[in-house]
Amino acid sequence: MTSPTRTSEVDAVVIGAGFSGIYMLKRLRDNLGMTARVFEAGNDVGGTWYWNRYPGARCDSEAYMYCFSFDKDLMQEWNWSGKYPEQPEILKYLQHVTDRFDLRSQIEFNTRVTAAHFNESNNRWLVETDQGDRISAQFLITGIGCISSGQIPDIPGRDSFVGESYHTGSWPHEGVNFTGKRVGVIGTGSSGVQSIPVIAEQAKHLTVFQRTPQYMVPARHHTVDREYLDDVKANYDEIWETARHSKSGFPYEMTDKSALSATADERTIAYEKGWEEGGFKFIAETFPDISVDLRANATASEFIRSKIREVVDNPDTAEKLLPRDHPFTSKRPLIDTNYYETYNRDNVELVDIRNEPIDKITSTGIRTEDGDYPLDIIVFATGFDAMTGSFFKMDIRGRNSLPLKEKWAAGPKTYLGLSTTGFPNMFMITGPGSPSVLSNMPVSIEQHVEFISDMLESMRERGFDVAEPNPQAEEDWVEHVNEVAEKTLYVLADSWYLGANIPGKPRVFMPYSGGVGDYRAKCEEIAAAGYEGYVLSTST
Ligand code: N01
């Protein structure tokens, strides 16, 4: 541990000032009257939306649902400009919320938590930062996001490249000028497919290095008018209530139609309608069994392949773009704007690195088995060490000084994705084992923040000051998370949900796939039973 320069005592330390940290701070202060400090590595609030500033960055959740619902006035006064929220607009929204509720003064910016150790003699956490803070806190609450620890693959020669290189997840604030440049993008996940069409419009030449072709549905992004916003706002209570009890945190009208009971014509009509509407509704409002039944899924997967063939002019390029090695929705579904159309541009080239693997990065570009691609800029859209990576960057130790990294060596183990045995009074907002990344995040974040603050209030009322899940409850939850996942299509793809993108990471399905509504009901039952599954105790 580093030498201390700033020392203090608070009721709670919160790590991260994104959606999670901001709302947690508000609840701790306003509902519980607690003292709290938030530590944030960036120089402003925003979390994911502070760091991910790559061209085209936008959320795939509709704007009117990608926000907080805890304050009705806030919901009524904020106006989104489009169907989907752009990164600068989300950042502006989070800055607005922070200032509106006067939260800024309790956030330490440019400060990264480096360590948090649980002291069994006083049941408090000792938290240290890279700025020399040394804070004693009763509660440690992580709001560190699920997809925050960027991953640049260890390609030989990476450091020899003399041009510019960037990871989408830590984009320069001043932006990158692609004009007249030869650009290479590695990776075709959400970040890659959003940035590729925008970069292609600016760059002299763009080479996309694709490992796995993906399924994409058009976003059909557009600006929204007063009438649209008024309609949403008039129905906000109902919209949120539906979302809170839904499968994925969206207020979509789920049908119970099966792709397998429909005729081929009925399926085409439904898929065409979903394709025209765009976004995740293509999954929710066509045939819900496409995300659970492989035969139903095959009909949607083939429909999307037919659209790729239709849009992409060059049949060889179209062939390379066809996803075949995993079912639609088994990886995080992607929503695009002009992605496939981009391959019809003269200045864009697609390299299938499964057939033509990257050998190395040279000083002047990328060398594959088949030749050299000279580049001025390389963009790594290569993803994240998701769900656990950000935890492991900190030295978190629980009882008996056990490092969290050691406890989770074979995969994360939690109770409800909120707590982990051996780490008393530590709470994780959207931790592994909760719906988190399989849902519209703000809905899951609000539910977790409210669960945690209600639990702290209940503990205080009953005279308890230490909470820790009992080992059996945790074992049962982990087993349940695995059991539910095994029945889904998610386990059929090599995805970051399973840690498959990180060499050496244990292959464990990390989020909870049982659905937002059922998960909420389970949490409510647990709370009503006095926080069943937790051992609550008193220090003295
Ligand atoms: O990362 P990814 P992302 N050599 O892991 C490839 C959220 N998000 O930043 O598929 C070559 O999805 C990798 O290939 P493969 C969202 O939840 C949301 O795009 O592993 N290629 C893949 O193509 C999303 O899922 C939004 O074979 C390599 C790509 O890099 C999550 O963040 C926007 C490689 C990584 O894709 C992560 O998205 C952005 C290697 N060694 C992000 N290693 C919105 O809401 C990896 N790849 C819109």
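Preceding this paragraph is the structure being described.
A few points on the structure. Note that the structure is a prediction, hence the values are computed from the model and not measured.

**Some remarks on the overall build of the protein chain**
Phase 1 of the analysis: The number of helices and strands found in the protein chain is 17 helices and 20 strands.
Phase 2 of the analysis: What you see for the protein chain is a C-alpha radius of gyration of 23 Å, in line with the 24 Å of a compact globule of 540 residues.
Phase 3 of the analysis: Along the first, second and third principal axes, the C-alpha atoms of the protein chain reach 75 × 55 × 45 Å.
Phase 4 of the analysis: Within the protein chain, buried positions represent 59% of all 540 residues.
Phase 5 of the analysis: Counted over contacts in the protein chain with a minimum sequence separation of 6, partners at least 24 positions apart contribute 73%.

**Some remarks on the sheet that holds strand E13 (residues 358-362)**
Phase 1 of the analysis: Read across the sheet, three strands follow the order E13-E14-E15 without closing on themselves; strand pairing throughout is antiparallel. Edge positions in the sheet fall to E13 and strand E15 (371-374), since each of these pairs with one other strand and no more. Between one strand and the next, the sheet's axes are offset by a mean angle of 20°, whatever the strand orientation.

**Overview of the environment of Asn470**
Phase 1 of the analysis: Within the element layout of this structure, Asn470 appears in the loop between strand E19 (466-469) and helix H16 (471-486).
Phase 2 of the analysis: Residue Asn470 is classed as partly exposed on the basis of its relative accessible area of 25%.
Phase 3 of the analysis: A sequence separation of 55 residues divides Asn470 from Tyr415, and the C-alpha atoms of the two residues are 8.6 Å apart.
Phase 4 of the analysis: Once residues lying within four places of it in the same chain are set aside, the contact partners of Asn470 are Thr421, Gly533, Tyr534 and Val535.
Phase 5 of the analysis: Only 3.0 Å separates the side chain of Asn470 from the backbone nitrogen of Gln472, close enough to count as a polar contact.

**Observations regarding the pairing of E13**
Phase 1 of the analysis: Sheet topology places E13 next to strand E14 (residues 365-368); four bridges connect them, and they run antiparallel. Across the sheet, the residue bridging to Ile361 is Ile366, located in E14.
Phase 2 of the analysis: Turn length for the E13-E14 hairpin, with the two strands adjacent in sequence and antiparallel, is two residues.

**What about the sheet that holds strand E8 (residues 182-186)?**
Phase 1 of the analysis: With respect to topology, five strands assemble into an open sheet ordered E7-E16-E8-E9-E12, the strand pairing being parallel. With partners counted over all chains shown, the strands left at the sheet margins are strand E7 (164-167) and strand E12 (348-352), one partner each. Taken pair by pair, the neighbouring strands of this sheet meet at an average axis angle of 15°, ignoring direction.
Phase 2 of the analysis: Here five bridges tie strand E9 (residues 205-210) to E12, and the two strands are oriented parallel to one another. The residue bridging Gln210 from the neighbouring strand is Asp352, located in E12.
Phase 3 of the analysis: Contacts from helix H5 (residues 190-202) reach E8, E9, E12 and strand E16 (377-380) within the one sheet, and its direction differs from that of E9 by about 160°.

**Structural notes on the pattern of salt bridges**
Phase 1 of the analysis: On inspection of all chains with the given rule, the structure shows 32 salt bridges.
Phase 2 of the analysis: The residue Lys181 makes a salt bridge to Glu164 at a minimum N-O spacing of 3.8 Å. Taken together, the residues span a long stretch of sequence, with Lys181 in the loop between E7 and E8 and Glu164 in strand E7 at a distance of 17 residues.
Phase 3 of the analysis: With a relative accessible area of 26%, Lys181 lands in the partly exposed category.
Phase 4 of the analysis: For Arg507, the salt bridge identified is with Asp494, shortest N-O distance 2.8 Å. Taken together, the positions of Arg507 in the loop between H16 and helix H17 (516-528) and Asp494 in the loop between H16 and H17 put the pair 13 residues apart, joining distant regions of the chain.
Phase 5 of the analysis: Residue classification places Arg507 among the partly exposed residues on the basis of a relative accessible area of 47%.
Phase 6 of the analysis: The exposed category is assigned to Asp494, whose relative accessible area is 52%.
Phase 7 of the analysis: Taken together, the shared-partner salt bridges in this structure form one network comprising Lys26, Arg29 and Asp30.

**Brief notes about the site of the ligand**
Phase 1 of the analysis: Near the ligand you find 24 residues, and of these Arg58, Ser191, Arg211, Thr212 and Lys331 are the closest.
Phase 2 of the analysis: The separation between an oxygen atom of the ligand and a polar side-chain atom of Ser191 is 2.6 Å.
Phase 3 of the analysis: Separating an oxygen atom of the ligand from a backbone N or O atom of Ala381 is a distance of 3.2 Å.
Phase 4 of the analysis: The fraction of the free accessible surface of the ligand (910 Å²) that becomes covered by protein chains is 88%.

**A short note on the nonpolar core**
Phase 1 of the analysis: Membership of the largest hydrophobic core comes to 78 residues, with the highest contact counts inside it found for Leu28, Tyr93 and Tyr534.
Phase 2 of the analysis: No other element matches the nine residues that helix H15 (residues 441-462) contributes to this core.
Phase 3 of the analysis: Per-domain counts for this core show at least three residues from each of domain 1 (6-149 + 386-537) and domain 2 (158-380).
Phase 4 of the analysis: Beyond its immediate sequence surroundings of up to four residues, Tyr534 is in contact with Tyr415, Leu418, Ser419, Phe427, Phe451, Met455, Ala467, Glu468, Pro469 and Asn470.
Phase 5 of the analysis: Ranked by size, the runner-up nonpolar core spans 53 residues in total, among them Val176, Val185, Ala203 and Val208.

Reading the values: rules and limits
Residues numbered from 1 in each chain as written. Predicted model: local features only at pLDDT ≥ 70, side-chain atom pairs only at ≥ 80, totals over all residues. Heavy atoms only, no water. Helix = DSSP H or I, 4+ residues; strand = E, 2+ residues; numbered from the N terminus. Rg over C-alpha atoms; globule rule 2.2 N^0.38 Å. Buried < 20%, exposed > 50% of the residue type's maximum accessible area, 1.4 Å probe, protein only. Contact = heavy atoms within 4.5 Å. Pairing = 2+ DSSP bridges. Axes fitted to C-alpha atoms, helices over the stretch in contact; angles between N-to-C directions. Polar contact = N/O pair within 3.5 Å; in protein donor to acceptor, adjacent residues only side chain to side chain. Salt bridge = Lys/Arg side-chain N within 4 Å of Asp/Glu carboxyl O. Near = heavy atom within 4 Å. Areas by Shrake-Rupley, 256 points an atom, 1.4 Å probe, with all protein chains shown as cover. Core = buried A, V, L, I, M, F, W, Y, C linked by side-chain atoms within 4.5 Å. Domains from an automatic or database assignment.

Note that all results are geometric; they support no functional claim without further evidence.
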